[in-house]
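# Examining the three-dimensional arrangement
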Amino acid sequence: MDEGESESLHRVEIPPSKPWSKSLQSSLKETFFPDDPFRQLKNKPISRKIVLGLQYFIPILEWGPRYSFEFLRADLLAGITIVSLAVPQGINYASLANIPPVIGLYSSLVPPIVYAMLGSSKDVAVGPVAVGSLLIASMLGKEVSPTENPKLYVDLVFTAIFFAGVFEAALGFLRLYNSDAHGSPF
């Protein structure tokens, strides 16, 4: 290395050490809120903070007022396409999980409607997946026969899915899980 090159290099200093509590606080903040959603709330009146907070957790409140008729036409076409795929898919996934087909229809049609209002991505497909259906059938089929005791079996399916949803929602709220990247267990 020439002398001229060494003058252009900068020495990088090691940052000063922080107290343990500050380091822990910084690590927790980065883990739970990497995008710092509350940054936009600083120096705002309380009414604006409430509105921004609601818009953060319920995105339809942010984009809903700007929704136009052109978007409605495109969304209706997309909805018809989704329904044409979701109906047979829901029935088949329900048969994989050994539950009545009508439950499969609800599980295929309701999540996209709910996600349209509460979700943060316009390009994500939500609904049941084959692996989740097979997992539910194999897990619960060992304990209860879906043909001998169908009511108990369906109740157990609902219970298992309820707790999976609560767990997934808690992870999402704590920013430990990106629900946009995964499908519903069923």
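Residues numbered from 1 in each chain as written. Predicted model: local features only at pLDDT ≥ 70, side-chain atom pairs only at ≥ 80, totals over all residues. Heavy atoms only, no water.

## Brief notes about the overall build of the chain
Along the backbone of the chain there are eight helices and zero strands. Taken from N to C terminus, the helices and strands of the chain fall in the order α-α-α-α-α-α-α-α. By the burial criterion, 17% of the 186 residues in the chain qualify as buried. The long-range fraction of contacts in the chain, counting pairs at least 24 apart against all pairs at least 6 apart in sequence, stands at 55%. With an accessible surface of roughly 13,900 Å², the chain has 66% of that area assigned to carbon and sulfur atoms. (Helix = DSSP H or I, 4+ residues; strand = E, 2+ residues; numbered from the N terminus. Buried < 20%, exposed > 50% of the residue type's maximum accessible area, 1.4 Å probe, protein only. Contact = heavy atoms within 4.5 Å. Areas by Shrake-Rupley, 256 points an atom, 1.4 Å probe, with all protein chains shown as cover.)

## Some details on the packing of aromatic side chains
This structure, assessed with the given rule, holds three aromatic pairs. On the numbers, 5.7 Å between centres and 50° between planes, the contact of Trp-63 with Tyr-67 is tilted. Relative accessible area serves as the criterion here: at 32%, Trp-63 is assigned to the partly exposed category. Taken together, a centroid distance of 5.3 Å and an interplanar angle of 75° make the contact between Phe-162 and Phe-163 edge-to-face. (Phe/Tyr/Trp six-rings, centres within 6.5 Å; stacked < 30°, edge-to-face > 60°.)

## Some words on unusual backbone geometry
For residues other than glycine, phi is negative in most cases, and the peptide bonds are mostly trans. In this model, Asn-43 sits at a positive phi of 60°, which is unusual for a non-glycine residue. Summarising the element assignment, Asn-43 is placed in the loop between helix H2 (20-32) and helix H3 (46-57). Residues other than glycine seldom take positive phi values, yet Asn-98 does so here, at roughly 60°. One can find Asn-98 in the loop between helix H5 (69-96) and helix H6 (101-118).

## Some points on the environment of Leu-135
Mapped onto the elements, Leu-135 comes out in helix H7 (residues 130-141). Distance from Leu-135 to Ala-97, taken between C-alpha atoms, is 7.8 Å for residues 38 residues apart in sequence.

## Considerations on the side chain of Gln-55
Note that Gln-55 resides in helix H3. Its relative accessible area of 18% is what places Gln-55 among the buried residues. If we ignore the near neighbours within four places in the chain, the residues touching Gln-55 are Leu-61 and Glu-62.

## Some points on the packing of H5 against H6
Between H5 and H6, the shortest axis-to-axis distance is 7 Å and the interhelical angle comes to 135°. Considering their axes alone, H5 and H6 lie oblique with respect to each other. In this structure, H5 meets H6 at a crossing whose hand is right-handed. Side by side, H5 and H6 meet where Val-83, Ala-86, Val-87, Gln-89, Gly-90, Ile-91 and Ala-94 of the first sit next to Pro-101, Gly-104, Leu-105, Ser-108 and Leu-109 of the second. (Axes fitted to C-alpha atoms, helices over the stretch in contact; angles between N-to-C directions. Parallel < 35°, antiparallel > 145°, perpendicular 65-115°, else oblique. Left-handed = near helix turned anticlockwise from the far one by under 90°.)

## Some thoughts on the UniProt feature "transmembrane region" (unreviewed entry) in the chain
UniProt records the feature "transmembrane region" (unreviewed entry) at residues 99-118, 124-141 and 153-177, using the numbering of this structure. Summarising residues 99-118: 90% helix, 0% strand, and an end-to-end C-alpha distance of 27 Å. In this annotation, residues 124-141 is assigned 67% helix and 0% strand; the end-to-end C-alpha distance for the span is 31 Å. (UniProt positions renumbered as here; feature names shortened; annotations may be inferred.)

## Notes on a nonpolar patch on the surface
Where nonpolar side chains cluster on the molecular surface, the patch consists of Val-102, Tyr-106, Val-110, Ile-113, Val-114, Met-117 and Leu-118 and spans about 640 Å² of accessible area. When its relative accessible area of 38% is taken as the criterion, Val-110 is described as partly exposed. (Patch = residues over 30% accessible without salt bridge, like charges linked within 9 Å, V, L, I, M, F, W, Y side chains within 5 Å. Salt bridge = Lys/Arg side-chain N within 4 Å of Asp/Glu carboxyl O.)

## Side note on the nonpolar core
Grouped together as the largest cluster of nonpolar side chains are 11 residues: Ala-94, Ala-97, Ile-99, Ile-103, Ile-136, Ala-137, Leu-140, Val-144, Tyr-153, Val-154 and Val-157. Elements that contribute at least two residues to this core include exactly H7 and helix H8 (150-173). (Core = buried A, V, L, I, M, F, W, Y, C linked by side-chain atoms within 4.5 Å.)

## Describing the side chain of Ser-108
Its location among the elements puts Ser-108 in helix H6. At 3.4 Å, the side chain of Ser-108 forms a polar contact with the backbone nitrogen of Gly-90. Non-local contacts of Ser-108, meaning those with residues more than four positions away in its chain, are made with Ala-86, Gln-89, Gly-90 and Pro-128. (Polar contact = N/O pair within 3.5 Å; in protein donor to acceptor, adjacent residues only side chain to side chain.)

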